[in-house]
Amino acid sequence: MSEPFPANEAHLQAEVLARALPHMQRYDDAVVVVKYGGHAMGNEDVARHFAQDIVLLEQAGVNPVVVHGGGPQIGAMLEKLGIKSQFAAGLRITDKATVEIVEMVLAGSINKQIVGFINEAGGKAIGLCGKDGNMVRARKATRTLVDPDSKIEQVVDLGFVGEPDTVDTMVLDQILGRELIPVLAPVAAAVDGGTYNVNADTFAGAIAGALGAKRLLLLTDVPGVLDTSKTLIPKLTIAEAHALIADGTISGGMIPKVETCIYALEQGVEGVVILDGKVPHAVLLELLTDHGAGTLITR
Ligand SMILES: Nc1ncnc2c1ncn2[C@@H]1O[C@H](COP(=O)(O)OP(=O)(O)O)[C@@H](O)[C@H]1O
Ligand SMILES: CC(=O)N[C@@H](CCC(=O)OP(=O)(O)O)C(=O)O
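Residues numbered from 1 in each chain as written. Chains lettered and ligands numbered in written order. Predicted model: local features only at pLDDT ≥ 70, side-chain atom pairs only at ≥ 80, totals over all residues. Heavy atoms only, no water.

S.K.: Just to check I follow, could you spell out the site of ligand 1 for this structure?
M.R.: Taken together, 17 residues form the shell around ligand 1, and within it Thr220, Asp221, Leu226, Thr249 and Lys257 come nearest. Contacts to ligand 1 include Thr220, whose side-chain N or O atom sits 2.8 Å from an oxygen atom. Leu226 has a polar backbone atom sitting 2.9 Å from a nitrogen atom of ligand 1. Taking 580 Å² as the accessible area of ligand 1 by itself, protein coverage stands at 78%. Every element with two or more residues in the shell around ligand 1 is listed here: strand S11 (215–220) and helix H8 (254–266). The class makeup of the residues in the shell around ligand 1 is 6 nonpolar, 8 polar and 3 charged. (Near = heavy atom within 4 Å. Polar contact = N/O pair within 3.5 Å; in protein donor to acceptor, adjacent residues only side chain to side chain. Areas by Shrake-Rupley, 256 points an atom, 1.4 Å probe, with all protein chains shown as cover. Helix = DSSP H or I, 4+ residues; strand = E, 2+ residues; numbered from the N terminus. Nonpolar A, V, L, I, M, F, W, Y, C, P; charged D, E, K, R; others polar.)

S.K.: Got a minute to help me understand the packing of helix H2 (residues 44–59) against helix H4 (residues 96–120) in this structure?
M.R.: The angle between the axes and the distance between the axes are what describe a pair of packed helices. The interhelical angle for the contact between H2 and H4, taken along N-to-C directions, is 60°, at an axis separation of 8 Å. Relative to H4, the crossing made by H2 is right-handed. Taken together, the residues of H4 that come into contact with H2 (itself represented by Glu44, Ala47, Arg48, Phe50, Ala51, Ile54 and Val55) are Ile114, Phe117, Ile118 and Glu120. Counted by class, the contact of H2 with H4 contains 8 nonpolar, no polar and 3 charged residues. (Axes fitted to C-alpha atoms, helices over the stretch in contact; angles between N-to-C directions. Left-handed = near helix turned anticlockwise from the far one by under 90°. Contact = heavy atoms within 4.5 Å.)

S.K.: I would appreciate a short explanation of the site of ligand 2 in the present structure.
M.R.: In the vicinity of ligand 2 lie 15 residues, with Lys35, Gly38, Arg92, Asn197 and Ala200 positioned nearest. One of the backbone nitrogen or oxygen atoms of Gly38 is found 2.7 Å away from an oxygen atom of ligand 2. Gly70 places a polar main-chain atom, nitrogen or oxygen, 3.0 Å from an oxygen atom of ligand 2. Considered on its own, ligand 2 offers 430 Å² of accessible surface; in the complex 92% of this is hidden by protein. Put simply, the parts of the chain that give the shell around ligand 2 at least two residues each are helix H3 (71–80) and strand S4 (91–92). The element that contributes the greatest number of residues to the shell around ligand 2 is H3, accounting for 3 residues. Here the shell around ligand 2 is composed, by residue class, of 6 nonpolar, 7 polar and 2 charged.

S.K.: Could you clarify how one ought to interpret the UniProt feature "site: Transition state stabilizer" (unreviewed entry) in the protein in this entry?
M.R.: Mapped onto the present numbering, the UniProt feature "site: Transition state stabilizer" (unreviewed entry) falls at Lys35 and Lys257. The named residues occupy 223 residues along the chain; their greatest pairwise C-alpha distance, 10.2 Å, places them in one compact cluster. Along the chain, Lys35 turns up in strand S1 (residues 31–36). Judged by its relative accessible area of 7%, Lys257 falls in the buried class. Each residue touching Lys257, except ones within four places of it in the same chain, is listed here: Lys35, Asp201, Leu218, Thr220 and Ile274. (UniProt positions renumbered as here; feature names shortened; annotations may be inferred. Buried < 20%, exposed > 50% of the residue type's maximum accessible area, 1.4 Å probe, protein only.)

S.K.: Help me understand the sheet that holds S1 in this model?
M.R.: Spatially, the 8 strands line up as an open sheet ordered S5-S8-S2-S1-S11-S13-S14-S12, and their pairing is mixed. The sheet is open, and its two borders are formed by strand S5 (125–129) and strand S12 (235–237), each paired with just one other strand. Strand-to-strand, the axes of this sheet are offset by a mean angle of 20°, without reference to chain direction. Looking at chain direction, S12 and strand S14 (residues 295–298) are connected through 3 bridges and run parallel. Across the sheet, residue Leu236 finds its bridge partner in S14, namely Ile297. In the packing of helix H6 (residues 200–211) onto the sheet, the strands contacted are S1, strand S2 (63–68), strand S8 (181–185) and S11, and the crossing angle to S1 comes to about 175°. (Pairing = 2+ DSSP bridges.)

S.K.: Is there a simple way to think about the pairing of S2 in this case?
M.R.: Regular strands show a simple pattern: their side chains alternate between the two faces of the sheet. Among the 6 residues in S2, 6 count as buried, and that is most of the element. On S2, burial covers both faces: Asn63, Val65 and Val67 on one face and Pro64, Val66 and His68 on the other are all buried. Alignment of S1 against S2, held across 6 bridges, turns out to be parallel. Within the sheet, the bridge partner assigned to Lys35 lies in S2 and is Val67. On the question of chirality, the crossover connecting S1 to the parallel S2 by way of H2 is right-handed. Pairing geometry for S2 and S8, over 2 bridges, is parallel. Across the sheet, Val67 pairs through a bridge with Leu184, a residue of S8. (Right-handed = clockwise from strand over helix to strand, strands pointing away.)

S.K.: Is there a simple way to think about helix H7 (residues 238–246) in this case?
M.R.: An α-helix turns once every 3.6 residues. As a result, residues three or four positions apart point the same way. Ile238, Ala241 and Leu244 are the residues of H7 that are buried. When H7 is viewed along its axis, its buried side chains cluster within an angular range of 120° and face the same direction. In H7, the exposed positions angled more than 90 degrees off the buried face are occupied by Ala239 and Ala246. On its buried face, H7 sits against S12, H8 and S14. (Arc of directions from axis to C-beta.)

S.K.: Any chance you could explain unusual backbone geometry here in plain terms?
M.R.: Leaving glycine out, the prevailing phi sign among residues is negative, and the prevailing peptide bond configuration is trans. Phi at Asp29 takes a positive value of approximately 70°, unusual for a residue other than glycine. Relative to the assigned elements, Asp29 resides in the loop between helix H1 (7–26) and S1. Unusually for a residue other than glycine, Lys151 sits at a positive phi of about 65°. As for its position among the elements, Lys151 is in the loop between strand S6 (136–146) and strand S7 (153–167).

Structure representation (structure tokens):
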């Protein structure tokens, strides 16, 4: 019978596994929340690698919780239907027609696609959204924007955009530690009835905080937080992150991302990393090798 690959390659593989041991021990039984952004999902091969990483974590004794986005996919569906969409402070202004599409795309097609990839990789994923088991209840979100010329402040009504108000971890507590992998769509029930569209980063931060996660990883389509010359900033403190938002270095979709990191750290999450989800096996690289990736934000 022929060997699957040369002996020296097998040794190399064993070496790699042995080197992952201290990292596996560090995360043994810990909750790790991984937010999988819509921009990072584009390529099917990368999605399969992502699913393998999540299943491997579960197999290694970590409790991964996946929260997914789908901004570009919602945008494509809205365009197909001729519905215009605008953003304020990185959040989609969401009217009644839009919130229905958001729920359909996020809790429907994307959620089940990710569940499918994880199950194909040998895992047992369960797709849920914030409405299930009253997991996440949201209140209406508003934002105050300052006109850069006149400096006049204006309160923007974002429509059916919500911010997590309460998180009930009862359903997740039943799922975690039983070889099941929760995959969560960021759609929530409004405190006063109805449905809210919640930014996926914000949703992931609320889940990580409520579960007392050890790590929150935000997978996106850039290497991390970039400075004005587009160079990766490997480490940031909360104060430095606030300053970069204030001076405009951090803008658009990166604003809710960094705000989420700050919130999660304040809730007790030990470390938060923004990294490029298009890099194959980004999750394993970050958690199980010495080669940290992206921007690590700490207190
Ligand atoms: N300082 C910054 N560093 C990196 N990306 C930034 C920065 N400021 C704004 N961005 C933008 O934020 C985007 C990531 O946010 P978003 O599009 O919401 O991603 P996702 O769909 O993964 O949540 C980047 O593609 C980039 O265009
Ligand atoms: C309020 C708000 O902006 N909600 C987002 C929800 C999806 C999301 O956050 O997806 P990404 O992580 O891929 O950006 C939206 O409608 O696009």
